[in-house]
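# Structural characterization, general
Below are the chains, spelled out letter by letter.
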Amino acid sequence: DFASRIKPDGSVKSYSHPLPGVPVTALSSDYLGRAWFGLGWGDNLGRSCVRIDTWDRDTVIGLPLLPPTCGIYDIYNDSQGRLYFAMRYHNAPNYIVELETDGRYRWIADPNPSGTYLKPMALDKDARDGLWVGTLELGLYRYDLNGGQWLNFRQENGLSENNIKDISAEASWEIWVATETGLNRGRFDPTTGSLTVDNIYTTNNSPLLSNNIRTIR
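Attention here is on the structure that accompanies the text.

Quick notes on the rules
- Residues numbered from 1 in each chain as written.
- Predicted model: local features only at pLDDT ≥ 70, side-chain atom pairs only at ≥ 80, totals over all residues.
- Heavy atoms only, no water.
- Phe/Tyr/Trp six-rings, centres within 6.5 Å; stacked < 30°, edge-to-face > 60°.
- Buried < 20%, exposed > 50% of the residue type's maximum accessible area, 1.4 Å probe, protein only.
- Lys NZ or Arg CZ within 6 Å of the ring centre and 35° of its normal.
- Helix = DSSP H or I, 4+ residues; strand = E, 2+ residues; numbered from the N terminus.
- Contact = heavy atoms within 4.5 Å.
- Pairing = 2+ DSSP bridges.
- Axes fitted to C-alpha atoms, helices over the stretch in contact; angles between N-to-C directions.
- Polar contact = N/O pair within 3.5 Å; in protein donor to acceptor, adjacent residues only side chain to side chain.
- Core = buried A, V, L, I, M, F, W, Y, C linked by side-chain atoms within 4.5 Å.

## As for the packing of aromatic side chains
Across all of its chains, the model carries ten aromatic pairs by this definition. When the ring of Y76 is compared with that of Y84, the centres are 6.5 Å apart and the planes differ by 35°; the resulting orientation is tilted. With relative accessibility at 17%, the residue Y76 sits in the buried group. What makes Y84 buried here is its relative accessible area of 0%. Between Y143 and W150, the ring centres sit 4.6 Å apart and the planes meet at 40°, which makes this aromatic pair tilted. Of the aromatic side chains, those joined through ring pairs into one cluster are W132, F153, W173 and F188. A cation over a ring is seen here: K13 above Y15, with NZ or CZ 5.7 Å from the ring centre.

As structure tokens, this is what we get:
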């Protein structure tokens, strides 16, 4: 089994793994109550996502625009019902795919030059349609979904490191960033497009039990 659902009556429904041996790397739900599971890599048919509906029917699917064996490392569900998938594929351009409520897909292009790949690991969205992307090795990005502009923030901008595990973008413009070297708290200025990191919480200055922060909720 790779997942379980606890029903309102307290009973538990378990689901068999459709691709045994492949780790589950992402989990979210959509506006229809369906659960979405991202897999660390897909099969040769490009199937790297499992969707389970409210009737307990499960479907293994692939997302358009992606190469076979591409993995899903995060799934974000926004307030309008859209889903965003952070895709990783070794030695090839990486992708973020947007799924609209009407079933249309949109590919958000990698902003980096050929040979330097985005490597998205975590997603969140702010109040002005800014999609925040935490990456492996390349720091934190913000993509303006309306204007199409990318911003990039790295260790030289105050982050404790460039490997980002998770992100939380608050309505107050506070940006929380999880890394292996502590929990970063920054404040984004939407007018200037700047990010100021004002605190990095570690075991030395806070009650944290470890500097390795894996998720924020």
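We are not done yet, so read on.
## So, the environment of L145
If you trace the backbone, L145 turns up in the loop between β13 (140–144) and β14 (150–153). Residue class for L145 comes out buried when judged on its relative accessible area of 13%. When the C-alpha atoms of L145 and D189 are compared, they prove to be 17 Å apart, with 44 residues separating the residues in sequence. With residues near it in sequence (within four places) discarded, L145 still touches Y84, E98, R106, I108, K125, D129 and L131.

## A look at the sheet that holds strand β9 (residues 95–99)
Ordered by their spatial adjacency, four strands build an open sheet running β7-β8-β9-β10, and the pairing between neighbours is antiparallel. Looking at strand neighbours, the two that pair on one side only are β7 (71–77) and β10 (105–108), the edges of this open sheet. The average angle at which neighbouring strand axes cross in this sheet is 25°, direction not considered. As judged from the four bridges shared by β9 and β10, these two strands associate in the antiparallel manner. Its bridge partner being in β10, I96 is matched across the sheet by I108.

## Brief notes about the side chain of H17
Following the sequence through the fold, H17 ends up in the loop between β2 (12–15) and β3 (24–29). Of the polar contacts made by the side chain of H17, one reaches the backbone nitrogen of L19; its length is 3.0 Å. A polar side-chain atom of H17 sits 2.6 Å from the main-chain carbonyl oxygen of V22.

## Here's the deal with the sheet that holds strand β5 (residues 47–52)
The strand order across the open sheet built from four strands is β3-β4-β5-β6, with neighbouring strands paired in antiparallel fashion. Each having just a single partner strand, β3 and β6 (58–62) make up the two edges of the open sheet. Mean inter-strand twist for the sheet, computed between neighbouring axes without regard to direction, equals 25°. In terms of strand pairing, β5 meets β6 through five bridges, oriented antiparallel.

## Focus: the nonpolar core
Counting residues in each nonpolar core, the largest one holds 14 residues, and the members touching the most others are W36, I72, I75, F85 and M87. Breaking this core down by element, the ones donating at least two residues are β7, β8 (83–88) and β9.

## Thoughts on the environment of Y105
Along the chain, the position of Y105 falls in strand β10. Sequence spacing of Y105 and Y84 is 21 residues, and the spatial spacing of their C-alpha atoms is 9.6 Å. Each residue touching Y105, except ones within four places of it in the same chain, is listed here: L63, P64, V97, E98 and L99.

By themselves these figures say nothing about function.
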